[in-house]
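# A look at the structure
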Amino acid sequence: MDLLLYPSSISFKSHASPPRPNFPNFNSKKSRNFLRNPLIWRQNCRIRAQSSNGTAGDGFVLEDVPHLTDFLPGLLSYPNPLQNSKAYAIVRQTFVTPEDAVAENIVVQKDSPRGVHFRRAGPREKVYFKSEEVRACIVTCGGLCPGINTVIRELVYGLNYMYGVDDILGIEGGYRGFYSKNTVSLTPKLVNDIHKRGGTFLRTSRGGHDTNKIVDNIEDRGINQVYIIGGDGTQKGADLIFKEVEKRGLQVAVAGIPKTIDNDIAVIDKSFGFDTAVEEAQRAINAAHVEVESVENGVGIVKLMGRYSGFIAMYATLASRDVDCCLIPESPFYLEGRGGLFEFVEERLKENGHIVIVLAEGAGQDYVAQELHPIDEKDASGNRLLLDVGLWLSQKIKDHFTNVRKMAINMKYIDPTYMIRAIPSNAADNVYCTLLAQSAVHGAMAGYTGFTVGPVNSRHAYIPIARVTETQNTVKLTDRMWARLLASTNQPSFLNSNEVIPEKADQETMEVVNDMRITSI
Ligand SMILES: Nc1ncnc2c1ncn2[C@@H]1O[C@H](COP(=O)(O)OP(=O)(O)OP(=O)(O)O)[C@@H](O)[C@H]1O
Ligand SMILES: O=P(O)(O)OC[C@H]1O[C@](O)(CO)[C@@H](O)[C@@H]1O
Ligand SMILES: [Mg+2]
């Protein structure tokens, strides 16, 4: 296996399952019983953890992904069919060498250790599947995002054109589709045009993940490569599928392709569809700006997606220049008093006659909740349903200026959230989706499994799934990017709050807000 070719000074911090003792025949009943024995399994995990702790030599750490040969040591390999591919005929180096790794941090000091690395994505000299024996499947889960169809298309094309695989199944309607729906056979002809459409050709769902039923189905259908497109929840599900596949000792490669419009997936540079969303958000911001600059005391509020991460709002604000204030979940804000939002709105109205506020849907949730006392509702996947901060804020600003400041304002509230999510991906995202899909195919064909693919410092890498699900990517207020935004909008940072959060809104406001909640459900 590739790993052995690394110099001995390199240490491996692996999220992969522990190496198993050698068995003469891994498909024997004895071997399979061993794999099912949780006690032996845990012991092995400890051994692996002890032997991989710490760094050696120059501090190079490879956070490696599992390989099918970790639990199927006798697996045969074959020459990669790409070596006869016309597309790669004059490429200087067709195959990625086992030594290639991608650094997690590229800003280093002269004497700092080399740090954490991931395996570089790309085609390998050897593959662990015969093309004619591959039965692949593709599933899409979670919310929509521009570019899903491009990834589906390029997985089908990549498998077919690069590796000659022609048995590709589409699993319809997310994870539950594995056990509750028939499959659809995917051919290049069928998916040829789908990248021009938003949404997902295979449809999607939340909830319904049942690891055993899914893996039973994978086994029953003879599927040996599983491509799973989805966000953090989906990737957690993919990890469970991988672990169950491994426990059963099946020759099935599980590849995750990260999808999230919120850009909240850790480790990778950014998620596909994010740029498209930021671009599309400009249209809504522009509309708000046109509206409010055409009237007296115009206040425009644009709500964008972002449950726990305000990346779309932050980048849309930075891109636009028409936004006066950006509110995100990571940065608590307050309304009343010195340095509060009301004061800032009034200043800008006096200065410019209008103001545009962009806010992420997850912003100020605690603040809103204090007044609305909501019931804790969740979607089918267990994600908390958010209160509508956009409607709430619009009403609060209206009330403040009408009742307290006795000033007439012209409120324009725009909620383009689903419009931004439902469009096809732009040119840059289409290229990105192609790379993701091809990297996933190369990885699975090369026998890697339990991995998520994605760009790390602009180079595509195979990342252990657990690594991308253990934390969520959020805007760091202490990073320079947020400071750049503050410097660009000159909005309050809300950091030195002499915060006055009202104990309770007056009865009239409560009624209005409650009415709005009903409208927004
Ligand atoms: N912890 C988990 N373990 C196993 N499966 C999960 C887990 N969390 C979510 N899933 C499954 O993953 C699928 C998608 O999850 P979810 O609805 O949270 O979307 P997501 O993948 O996080 O994408 P989005 O960014 O749109 O929210 C669902 O079928 C859900 O059942
Ligand atoms: O209404 P849905 O489809 O469940 O999805 C809404 C959520 O999905 C996301 O777009 C993430 O996919 C969030 O930003 C948003 O809160
Ligand atoms: Mg999620």
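Residues numbered from 1 in each chain as written. Chains lettered and ligands numbered in written order. Predicted model: local features only at pLDDT ≥ 70, side-chain atom pairs only at ≥ 80, totals over all residues. Heavy atoms only, no water.

### Notes on helix α17 (residues 480-489)
Residues Trp482, Leu485, Leu486 and Thr489 constitute the buried set of α17. One side of α17 carries all its buried residues, which in axial view fall inside an arc of 100°. Turned more than 90 degrees off the buried face of α17, the exposed positions are Arg480 and Ala487. If you follow the buried residues of α17, they end up packed against α10 (311-320), β13 (325-327) and α11 (341-352). A positive phi of about 60° marks asparagine 490, the residue just after α17. (Buried < 20%, exposed > 50% of the residue type's maximum accessible area, 1.4 Å probe, protein only. Helix = DSSP H or I, 4+ residues; strand = E, 2+ residues; numbered from the N terminus. Arc of directions from axis to C-beta. Contact = heavy atoms within 4.5 Å.)

### Topic: the pattern of salt bridges
All told, the structure shown has 26 salt bridges when counted by the stated rule. Linking glutamate 63 and arginine 467 is a salt bridge whose minimum nitrogen-to-oxygen distance equals 2.9 Å. Taken together, the residues span a long stretch of sequence, with glutamate 63 in the loop between β2 (60-62) and α3 (68-71) and arginine 467 in helix α16 (residues 465-469) at a distance of 404 residues. Among the ionic pairs, arginine 348 bridges to aspartate 324, the shortest N-O distance being 2.9 Å. (Salt bridge = Lys/Arg side-chain N within 4 Å of Asp/Glu carboxyl O.)

### As for the site of ligand 1
In the vicinity of ligand 1 lie 21 residues, with Gly143, Gly207, Asp232, Thr234 and Ser381 positioned nearest. In this structure, glycine 231 approaches ligand 1 through a main-chain N or O atom, which is 2.9 Å from an oxygen atom. For ligand 1, whose unbound accessible area comes to 620 Å², protein coverage reaches 84%. According to the grid-proximity analysis, the pocket containing ligand 1 is the largest pocket. Take the shell around ligand 1: its biggest share by element is six residues, from helix α8 (residues 232-247). Looking at the shell around ligand 1 residue by residue, the class counts come to three nonpolar, 13 polar and five charged. Both domain 1 (60-270 + 425-469) and domain 2 (274-423) contribute no fewer than three residues apiece to the shell around ligand 1. (Near = heavy atom within 4 Å. Polar contact = N/O pair within 3.5 Å; in protein donor to acceptor, adjacent residues only side chain to side chain. Areas by Shrake-Rupley, 256 points an atom, 1.4 Å probe, with all protein chains shown as cover. 1 Å grid on protein atoms, 1.4 Å probe; cavity = no way out; pocket = protein on both sides within 12 Å on 5 of 7 lines; lining within 4 Å. Sits in = over half its atoms within 2 Å of the grid points. Nonpolar A, V, L, I, M, F, W, Y, C, P; charged D, E, K, R; others polar. Domains from an automatic or database assignment.)

### Focus: the site of ligand 2
Around ligand 2, the surrounding shell consists of Gly143, Arg206, Ile261, Asp262, Met305, Gly306, Arg307, Glu361, Tyr418 and Arg421. At a separation of 3.4 Å, an oxygen atom of ligand 2 approaches a polar side-chain atom of arginine 307. Here glutamate 361 contributes a side-chain N or O atom positioned 2.7 Å from an oxygen atom of ligand 2. Here ligand 2 loses 80% of its free accessible area of 400 Å² to cover by the protein chains.

### A closer look at the UniProt feature "binding site: substrate" (unreviewed entry) in the chain
Sites flagged by UniProt as "binding site: substrate" (unreviewed entry) map to Thr260, Ile261, Asp262, Met305, Gly306, Arg307, Glu361, Tyr418, Met419, Ile420 and Arg421. The subset of the named residues that lines the largest pocket consists of Thr260, Ile261, Asp262, Met305, Arg307, Glu361, Tyr418 and Arg421. Position of glutamate 361 relative to the elements: it lies in the loop between β14 (354-360) and α12 (365-372). Judged by relative accessible area, which is 18%, glutamate 361 ranks as buried. Those residues in contact with glutamate 361, other than ones at most four positions away along the chain, are Lys303, Leu304, Met305, Gly306, Arg307, Leu386, Leu387 and Val389. Within the structure, glutamate 361 has its side chain in polar contact with the backbone nitrogen of glycine 306 (distance 2.9 Å). Those residues in contact with isoleucine 420, other than ones at most four positions away along the chain, are Pro146, Ile261, Ala277, Glu280, Ala281 and Leu304. (UniProt positions renumbered as here; feature names shortened; annotations may be inferred.)

### Focus: the packing of helix α9 (residues 274-293) against α10
In contact at an axis separation of 9 Å, α9 and α10 are set at 60° when each is read in the N-to-C sense. With respect to each other, α9 and α10 are oriented oblique. Crossing handedness for the pair α9 and α10: right-handed. Contact residues: Phe274, Ala277, Val278, Ala281, Gln282 and Ile285 in α9; Phe311, Ile312, Tyr315, Ala316, Ala319 and Ser320 in α10. The residue makeup of the contact of α9 with α10, split by class, is ten nonpolar, two polar and no charged. (Axes fitted to C-alpha atoms, helices over the stretch in contact; angles between N-to-C directions. Parallel < 35°, antiparallel > 145°, perpendicular 65-115°, else oblique. Left-handed = near helix turned anticlockwise from the far one by under 90°.)

### Considerations on the environment of aspartate 220
With respect to the helices and strands, the residue aspartate 220 is situated in helix α7 (residues 211-221). Owing to a relative accessible area of 68%, aspartate 220 belongs among the exposed residues under this scheme.

### Observations regarding unusual backbone geometry
Phi at asparagine 297 is positive, roughly 50°, even though this residue is not glycine. Along the polypeptide, asparagine 297 turns up in the loop between α9 and β12 (298-304). Asparagine 297 gets classed as buried once you look at its relative accessible area, which sits at 15%.

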